[in-house]
Amino acid sequence: MTENASAAEPLAADSAIAVVGMSGRFPGAPDLDTYWENLLGGRCSVTDFTEEELIADGADPQEVRGRDHIPAKGHLADADRFDAELFGFNRTEAAALDPQHRLLLQTAWSALEDAGRSPLGGSARTGVYVGGGPTEHMLAAQTDPRLAASIGALQVRILTDREFLAPWVSYRLGLEGPSLTVQTACSTSLTAVHLAVQSLLLGECDTALAGGVAVDTVRKRGYVHQQGGIYSPDGRCRPFDERAGGTVPGNGVGVVVLRRLSDAIADNDPIRAVIRGSAVTNDGATKVGFTAPGVDQQTAAIVEAWAAAGLDPADAQYLEAHGTATALGDRIEAAAATAAFKGALGTGRIGIGSVKSNIGHLDAAAGVAALIKSVLMLEHATLVPNADAGRPHPELGFEDSPFHLVGRATDWPEPEHGPRRSGVSSVGIGGTNVHVVLEEAPRRGDAAAPEAEGAPEVLLLSARTRESLTAVAGRLAGALRAPGAPSLADTAHTLGVGRAPLAVRGYVRAGSRAEAADLLAELASGGAAGLGGPDPLGEAWLAGGQVVREGAGRRVALPTYPFAGESHGAYRLVPVAPVAPAGEQPKQGGRSADLERDVRALIAEALGLEDADDPEMTYFAAGGDSLTAVHLVGCLRDDFDLDVPITLFLEQLTLHEMARRIITAQDGDDSLDALLSEFEAE
């Protein structure tokens, strides 16, 4: 670290925020390692679909064959897969849960693990600040009367509406800080980062998750280009380029874990970068139209963010721009940035680029995709290029500005004064402008120093299934063999404090990284659950105990959980069929011999069971909860003319006994109407 950087560190520790964990899935990149490889190679990950692919996935053949249809998108593969049981959802709930919610839950889990923190209830006072976009699944689910009849209209809304993105993460991961779903259109996820930073500085939480998700549909889809519109005529996004013609839609998800820098240093967190300042403005009425951007307030957001950091914009060496590649958007952003960075000495000193050239425009997840790109560049001390970069557009005036368009991967040299720094901008339709000031992480002890001889370490592993456990072991073996691998002691410490204790377990006992990697590879190949010699700590772990490791260590970044859920599909917008086929009437009351069977079938449908014939299965073991109980009470009244007290579902009954009790139950004071009245009053 330079002398100037060392002098600035006390200020940063008092007022700055550390990025201690990250996770994301973007077009062409199921993880951040692949994301970095794609960025470094200047690769465009926008997918070009064939006509056959689009039609097979449900696209309108007439639209696909239209003259202005562009068969391209930043497509997110396997966006319908979800490890539902890990998060406590039954099959019916998982199918109804919006793919955005599914992906965000898994990404939040991985981000916490990347920060060396347990993703299940181990992070009290952890805030959640996230946002998402509108989805086909949400619209289809909320307008389908059959789904509402099956699981209840309120449950449909809770499982699909984007306003519940943050609360679901807080609830399923046991996080007790503020939980806010943010919505500022295209600048949503960077606004979420700004709000998380403010919350940390105000002391409202000690750790914060921030980011966004955008999955408008899990299906392969192109778009229709309109002359003068925002979309590219050729399926490529070229921000600030002389060939720029518009943007390309894309899907993705990203989450960062933030802590106050002073806390992160004290707790030996894996600091990946530092947020020195941030700001948000709105254009108000000072622009030509509601959807148009404005120069003055974009400039103000940049200047205010650098002022909050106690720095000058001229201290930057790179700007990650919003960069939609539209004629109006690029021209206004270039003008605003030039005005804000005018103090930079010399022309072309600051690199500029936009990740939209690589992955398209991810809407609510665009800002966090740009932030993660910038953090990776700081970590690797490398500037990555715009994909397929050409010459800057002559109307942007870059030849007389502080900027040059980054056209190839280059080393990011250490500045003469201070550490490497960059700015990240995001702009939303409606005028919300956000800017974040990033700085490289303070240099600390070398985590990859040669290991000294010491006592053997026990590495504790767990997963939901045996298959996932072998994947965990295999990934960790690869990480310990990689250049720059963390010490065995820090690895053991991170596994002990930074992973959730799941049902299927294993351990290895080793005295070096190489030995541990070999034993982990053996475990991944089907070896015994405990390898490297018997160990009391490991055996207690295998027995299902809540093991606490003694001693301190440093949290380090290790491979995160290998989610392996099946496809749960997604609802699509189709013509709505009648609720019941012609001639078929809803079930009515009566005490026929088939009534108990029909009641069990109703319960099974609500719980996502193939049947309810298991005589030992209880309501709670099958995934039942209070919301499902409210829905069932209503269905029993409407379909069978049975008034059932809600308290019946709070008893530990098998489904068989519950069906018998339902049939014989008498009206109670705690009826559905009473429960809903109480719910509304609260």
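Conventions and cut-offs
Residues numbered from 1 in each chain as written. Predicted model: local features only at pLDDT ≥ 70, side-chain atom pairs only at ≥ 80, totals over all residues. Heavy atoms only, no water. Helix = DSSP H or I, 4+ residues; strand = E, 2+ residues; numbered from the N terminus. Buried < 20%, exposed > 50% of the residue type's maximum accessible area, 1.4 Å probe, protein only. Polar contact = N/O pair within 3.5 Å; in protein donor to acceptor, adjacent residues only side chain to side chain. Pairing = 2+ DSSP bridges. Axes fitted to C-alpha atoms, helices over the stretch in contact; angles between N-to-C directions. Contact = heavy atoms within 4.5 Å. Salt bridge = Lys/Arg side-chain N within 4 Å of Asp/Glu carboxyl O. Disulfide = S-S within 2.5 Å. Core = buried A, V, L, I, M, F, W, Y, C linked by side-chain atoms within 4.5 Å.

It is worth spelling out the side chain of S468 at this point. Among the structural elements, S468 can be located in helix 17 (residues 466-481). Take S468: its relative accessible area is 6%, and that puts it in the buried class. Separated by 3.1 Å, the side chains of S468 and T465 make a polar contact.

The next point concerns the pairing of strand 1 (residues 17-25). Burial analysis of strand 1 places nine of its nine residues in the buried class, the great majority of the element. Sheet topology note: the strand 1/strand 11 (residues 273-282) ladder contains three bridges and is antiparallel. By the bridge assignment for strand 11, V19 is matched with A273. Judged from the eight bridges that link them, strand 1 and strand 10 (residues 252-260) form a sheet pairing that is antiparallel. For I17, the partnering residue across the bridge sits in strand 10 and is R260.

Right, let's get into the sheet that holds strand 8 (residues 207-214). Spatial ordering of the open sheet is given by 7-6-8-10-1-11-18-17-12-13-15, a layout of 11 strands whose pairing is mixed. At either end of the open sheet lies a strand with only one pairing partner, and these are strand 7 (179-181) and strand 15 (403-405). When the angles between neighbouring strand axes are averaged without regard to direction, this sheet yields 25 degrees. Alignment of strand 6 (residues 126-132) against strand 8, held across seven bridges, turns out to be parallel. Among the inter-strand pairings, Y129 is bridged to a residue of strand 8, identified as A210. Contacting strand 11, strand 17 (421-427) and strand 18 (432-440), helix 13 (residues 295-308) runs over the sheet at an angle of about 145 degrees to strand 11.

Under the definition given, this model contains 39 salt bridges. A salt bridge links R238 to D234; its shortest N-O distance comes to 2.9 Å. We note a salt bridge from E657 to R660, for which the minimum N-O separation is 3.0 Å. Linking E657 with R660, this pair stays in helix 23 (residues 655-664), spanning three residues, or about one helical turn. Its relative accessible area of 37% is what places R660 among the partly exposed residues.

Now for the sheet that holds strand 19 (residues 457-463). If you trace the three strands from one edge of the open sheet to the other, you get 19-20-21, paired in mixed fashion. With partners counted over all chains shown, the strands left at the sheet margins are strand 19 and strand 21 (530-531), one partner each. Both strand 19 and strand 20 (residues 504-510) contribute to a ladder of seven bridges, which runs antiparallel. Looking at the pairing, V458 lines up with R509 of strand 20. Along the sheet face, helix 17 touches strand 19 and strand 20 and points at about 140 degrees away from the line of strand 19. Along the sheet, helix 18 (residues 488-497) contacts strand 19 and strand 20; its crossing angle with strand 19, the most-contacted strand, is approximately 35 degrees.

Attention now moves to the state of the cysteines. Overall, the coordinates contain zero disulfides when judged by the stated rule. C237 provides the cysteine sulfur closest to C44, a residue in no disulfide bond, and the two sulfurs are 8.8 Å apart. The class for C44 is partly exposed, based on a relative accessible area of 26%. Under the relative-accessibility criterion, C237 is labelled buried at 3%.

Core analysis: the biggest nonpolar cluster contains 73 residues, and F89, V169, L209, L459, L461 and L520 have the highest contact counts within it. Top element by residues in this core is helix 6 (residues 99-114). It accounts for seven residues. If we ignore the near neighbours within four places in the chain, the residues touching L520 are L459, L461, A473, L476, A477, L480 and V508. If you look at the next biggest cluster of nonpolar residues, it comprises 48 residues, including A196, V197, C205 and L378.

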